[in-house]
Every structure is written in C-alpha cells, then in structure tokens.
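What follows is each chain in one-letter form.
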Amino acid sequence: MAIFNRHKFEKLVVHKSKTVAWAIAFFSGILMALTTAPVNAWLLAWVALVPLWILVVSYEKPKQEVKQQKFFLLTSDFFLLPSLWGIGYHGLALSWIMGIHPMTWLGVPWWPSLAIALFCWAFITLWGAALVAVWAWLLVILNSLTLPGKNPILILNSPPLQRGAGGGKTQFSALTRVLIGTALWCALESIWSTGSLWWTSLSYTQSPHNLAILHLGQLSGPSAVTAAIVAVNGLIAEAWLEGRRKKEEVKTKNWIPYILPASLCLVLHIAGWSLYNRPLNQQAATALKIGIIQGNIPNEIKFDSAGWGRALEGYTTGYKQLADRQVDAVLIPETALPFIWTNEYQRSTLSFYQAILERGVVAWVGGFGQQENSITNSLLAIDRTGEIIGRYDKLKLVPLGEYIPFYEILGGIINRLSPLDAHLVPGNSKQLFDTPFGRAIVGICYDSAFAEIFRYQAANGGEFMLTASNNAHYKPPMLDQHHALDVMRAIETDRWAVIATNTGYSAFVNPRGETVWKSGINTYEVRDATIYRRQTRTLYVRWGDWLTPLLLVLAGLMRFIVRN
C-alpha cells in the first residue's frame, strides 16, 4: 500500500509539473502577442521566447517510452509546449479576425457568421502554432544529435552547458544550439510565408516603434529582424540554464553569461541605428505631390446602390479638391469604386472617370479588372486622357473572403464570403506597375504581409510604394498591425510609401519608416503630401533573403563540428 501511494504521489507531482510547464508556455506566448497592436509592448519580444526555449531544450522524454518509440518521435506532452506558446501568440495577435462577424451584410445569418469567424480564427491560430511545434521538434531532434556519447533517445534534453572534455565544449554546444534554433525559425517562417496564410512573423512585433532594429530588414528582409529576436532570446535562455547549473558554485558570478545576449542586442540596435541615420538625399527633381482619398464607405453598403452613390460622390469630390491643389496623382483605396474598370463603356459612365478627363490628373483607382471569365481585385493607373496605362492585380487573395481553397471540394459546401458573382483570381507574381512618373511598387491589402512581393518590384525599378486596402470589416488592432507591415515594407525597400485605405489608416511613410501623416479611423479624409522617387537598392532588394540559407549552412557546419 505504501508503494502504491508513493507511485500515486509521484504521478501527481509529474502531472503538476507538466501543468505548470504548459501554463508557462501559454502565458509566454501571450507575452509575445502583447508586443503587437493594440498593446505594442515591443520590448517583451526580446524575452517572451525565453521560457519556451528553456522548456524545449530541457525536455526529457519519459524513460518508459524510450523503448517504445524511435528517437524522432516525441510525446504529446512535449508538443503541447510549443503548441500552447503558438496558440497564445498567434491566437491573441490575430484575435481581430473576429471582426468579420457579423456578416449579415453579406446575407450570412448571425449564427453561421459566428461559426465561420470562429473557424477562421481557430484555423489560422493552429496554423501558426504548427510552425512553433515543428521548430521545437526539429530543435530537440538536432540538439539530441549534437552531443556524442549520449543516448539521443534518453537525453533529449541534452543539458545545454554540460561539461565536456576540458570544460570548453559546454559553451560551444550552447552557441551551436542558438545558431540551429535561429536558423530553423527563420527557415520555417520563410516556408510559411510562401503560402496563403501569413501575418504574424516575429519581425512585425517591432513595427512601427523600434525603427532601429527594423532597419536590419534592409540587409535581408524580415528574416534579419526575426533572427535577431530569436538569437537574443536563445542566448538569454542558455544564460539562465548556465546559472542554474552553477547555482551551487558560490564563487561564480551568475550574471556573466548574460553579457553575451545583452551585447548582441546592443550591437544589433547600433547596426540598425546606423542604417536609420543615413541621409535621405531627397532631390527636388524627384519630388511628387500625391493625394490620398479615404472614402469611409462601410462594408454594409459598399456593394449596393447607396454605397455606390456615396462612393462616387465622395471620391469625385475629393479628386477635384486634390486637382485644385495641383497634385501630380491621386490614390484611392482597394475596390474604392467597385466597378469593372477594364470595361470601357462601364467606366465611361462614372462621374469619377469624367472628372479625370476634365481635370487631367493621374489617378490610381482601386476597382475590378477582367481576366477571361474571372475578375481581379486591381489597382489601375489612369492617365489624363482616361487610358489605362498600368495595372496591378492583387496577388495574395484572402482565403474564404476572396476565394475558396480547394474549390472543387468545398465550393458546394462553403459559401464564398464575397458579394461578387464571378471568381476572383490572383495576379501574376512577376507583374510590374508603370506610371507617367516611373515604375511604382504596389501592394493591395493582404499583399502587405508578404515582403517578397515588394522586394521583387523594387529590384525591377520600382521608385516609390503604393498600397491600397479596405479593412472596414476589421477591428482597430488589425488596422494598426497592417500599418506596421506597410512600415516594414517601406524600410526594406528604402522607398516612400503612400497608403490609401477605406476607413483607416491611410498614411504617408518615409523610407526610414517614420509616419509623416496618418489618418483617423472611420473618417472621410482628403490629404496630400510630397514624396520622392528613389532608385537605391538595399542589400535585401539585391540579394533577397540570403541570411536564412547562410544560417542553415552555418548551423549544419557547427553541428557537424560538434558531433565530430
């Protein structure tokens, strides 16, 4: 009986320790989410990954399961750690997605609307959590293979600063693990960003406030910022583990291991600050006076006759005001005038088009285009004669909102959350946008989350950046986060950005990521500012994301060296 009670007590202790570990992982993920809007506690990003790192590298597989599974298979207890961190981070950061409910304006009843919103939130949260789970699994597996002479099944925790021969190998193993962990996270973000569901890169936790570190994006895009965050967190975690190992050594100064992560963080910020402080060298000959109209048309009326009338009146009036201010061009938001602009007869009947012919100011119009039997969400450049001289079709369509994934299977089950009768199709990934003032870099709404779209256009001659969005159905945190992404794209490409949205936030952003002007929310606004065309080419624009493959190569080399 005593033996039974002892075993029961041991199981209780183990269960409680698991629960505590899961709680720590979940709440540290929430801490990372607090770095984004609306809280914007961006400093937390430099420590919020530390608890998960410690839990992952310290994980020890139960002995009784060692003989039952291969070394690359881990228990559900382990996968819950990174999954809960990912749910805390992605779930809270993306909670604004619930703003799509209710969708009664699309004809979706209240309860089905709630179900759809919850499904979307749960799916994108779990998709983000999957990235973290894969990262943790790979880190543990590779970590278990780095230390020779240890059973890779039993010692999955591979004590990070375990004494090696001569005592010198311990630090080397910890640094190797940090390099591997950083390379893996950057690689997985790179893979995830090639898909249709991407938003919450660790890099955007620093935007738009930490402009110094965001300028590392000029070197290798978002991966440079992500790598900085992961590396510093990893080094802090390893320093904490070092302190735990030496806690009984009275003469040891436990703060010494923290010098390395503190120094790295400082050096990275100094490097970013030096990029931030470079002069812009703006020349009068490259100046453009650009106008923005924020129409403030609620989605509830956007696609009916009342909405069309209000949009035409508001955008036509704003266009004439800006023409009177002698602007060079006018930008209006995504689908601001939801008509088929590639249909010459249809556009010729619109008052906004007639205003273009009358005033002769170039307009960049958010509307729809035609592509065979389908339509596109497009931004069209219309010159003073009324001709379409440039066109960009939205590349990254919103799943369910603008298209149905696996349409052949789900098309009859899920009603598309769009009032359009035709299928929206994405644009070509190699498209370019020409204007009378030179080539522009263009993104429409969700495109802003994908840095490569903007890098490609900048590398092919884009001299300034235009983004058009309609975020009317989302909550304010999403609008702030979207603006943060646009700031990152402006910094990475070293371009002025003109941002037009339906209900906010419209803005002008300079190449340093400084917001020169920012609109209110749910307001009608007409604004103009002077921007400058630029032909600079950052290292990121020239070479793309070169850092991630470099980190992977270095991590592989280091693992090989340590193993041998």
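Notes on the structure follow. None of these values were measured; they are calculated from a predicted model.

Quick word on the pattern of salt bridges
Okay, step 1: Applying the stated criterion across every chain, the model contains 12 salt bridges.
Okay, step 2: Here lysine 518 ties to aspartate 480 by a salt bridge, and the two come within 3.4 Å at their closest N and O atoms. In this pair, lysine 518 is assigned in strand β11 (residues 515-518) and aspartate 480 in helix α17 (residues 476-493), connecting sequence segments 38 residues apart.
Okay, step 3: A relative accessible area of 22% places aspartate 480 in the partly exposed class.
Okay, step 4: In this structure, aspartate 494 and arginine 534 form a salt bridge, with 2.8 Å as the shortest nitrogen-oxygen distance. Of the two residues, aspartate 494 is situated in the loop between α17 and β9 (497-501) and arginine 534 in the loop between β12 (525-532) and α18 (539-543); the sequence distance between them amounts to 40 residues. As far as burial versus exposure is concerned, aspartate 494 and arginine 534 are alike and both buried.

Describing unusual backbone geometry
Okay, step 1: Put simply, alanine 37 and proline 38 share a cis peptide bond, and its omega is 10°.
Okay, step 2: Looking at the secondary structure, you find proline 38 in the loop between α1 (2-33) and α2 (50-57).
Okay, step 3: For the bond running from serine 207 to proline 208, omega is 5°, close enough to zero to count as cis.
Okay, step 4: For proline 208, the position within the fold is in the loop between α6 (169-192) and α7 (211-214).
Okay, step 5: One non-glycine residue with positive phi stands out, namely asparagine 281, at about 55°.
Okay, step 6: Residue placement: asparagine 281 occurs in the loop between α10 (259-276) and β1 (287-294).
Okay, step 7: Here aspartate 494, not a glycine, exhibits a phi torsion of approximately 60°, which is positive.
Okay, step 8: On the basis of relative accessibility, which here comes to 8%, the residue aspartate 494 falls in the buried class.

Concerning the environment of aspartate 328
Okay, step 1: By the element assignment, aspartate 328 lies in the loop between α12 (305-324) and β2 (329-331).
Okay, step 2: Look at aspartate 328 and you get partly exposed, because its relative accessible area is 31%.
Okay, step 3: Separated by 108 residues in the primary sequence, aspartate 328 and proline 436 place their C-alpha atoms 9.7 Å from one another.
Okay, step 4: With residues near it in sequence (within four places) discarded, aspartate 328 still touches Ala287, Leu288, Lys289, Val361, Val362 and Phe437.

Side note on α2
Along an α-helix, a turn takes 3.6 residues, which lines up residues three or four apart on a common side.
Okay, step 1: A large share of α2 lies buried, amounting to seven of its eight residues.
Okay, step 2: Among the residues making up α2, those that are buried are Val50, Leu52, Trp53, Ile54, Leu55, Val56 and Val57.

Here's the deal with the nonpolar core
Okay, step 1: If you look at the biggest cluster of nonpolar residues, it comprises 124 residues, and the most contacted ones within it are Trp85, Trp135, Trp185, Trp199, Trp364, Phe433 and Leu466.
Okay, step 2: With 26 residues, the next largest nonpolar core counts Tyr315, Tyr319, Ala323 and Ile356 among its residues.

What about the environment of tryptophan 110?
Okay, step 1: With respect to the helices, strands and loops of the structure, tryptophan 110 is situated in helix α5 (residues 110-144).
Okay, step 2: The exposure class of tryptophan 110 is partly exposed, given its relative accessible area of 43%.
Okay, step 3: Sequence-distant contacts of tryptophan 110, defined by excluding residues within four places in its chain, comprise His101, Pro102 and Thr104.

Comments concerning the sheet that holds strand β6 (residues 433-435)
Okay, step 1: Within the open sheet, the six strands sit side by side as β6-β7-β8-β9-β10-β11. Their pairing is mixed. What marks the edges here is a single partner per strand, and that holds for β6 and β11. Averaged over all adjacent pairs, the angle separating strand axes in this sheet is 20°, with direction ignored.
Okay, step 2: Direction of pairing for strand β8 (residues 464-469) relative to β9: parallel, over a ladder of five bridges. The residue of β9 that forms the bridge with threonine 467 is isoleucine 499.
Okay, step 3: Here helix α16 (residues 451-459) sits on the sheet in contact with β7 (438-444) and β8, set at roughly 175° to β7.
Okay, step 4: This element, α17, spans β7, β8, β9, β10 (507-509) and β11 of the sheet and lies at about 165° to β8.

About the criteria used
Residues numbered from 1 in each chain as written. Predicted model: local features only at pLDDT ≥ 70, side-chain atom pairs only at ≥ 80, totals over all residues. Heavy atoms only, no water. Salt bridge = Lys/Arg side-chain N within 4 Å of Asp/Glu carboxyl O. Helix = DSSP H or I, 4+ residues; strand = E, 2+ residues; numbered from the N terminus. Buried < 20%, exposed > 50% of the residue type's maximum accessible area, 1.4 Å probe, protein only. Contact = heavy atoms within 4.5 Å. Core = buried A, V, L, I, M, F, W, Y, C linked by side-chain atoms within 4.5 Å. Pairing = 2+ DSSP bridges. Axes fitted to C-alpha atoms, helices over the stretch in contact; angles between N-to-C directions.

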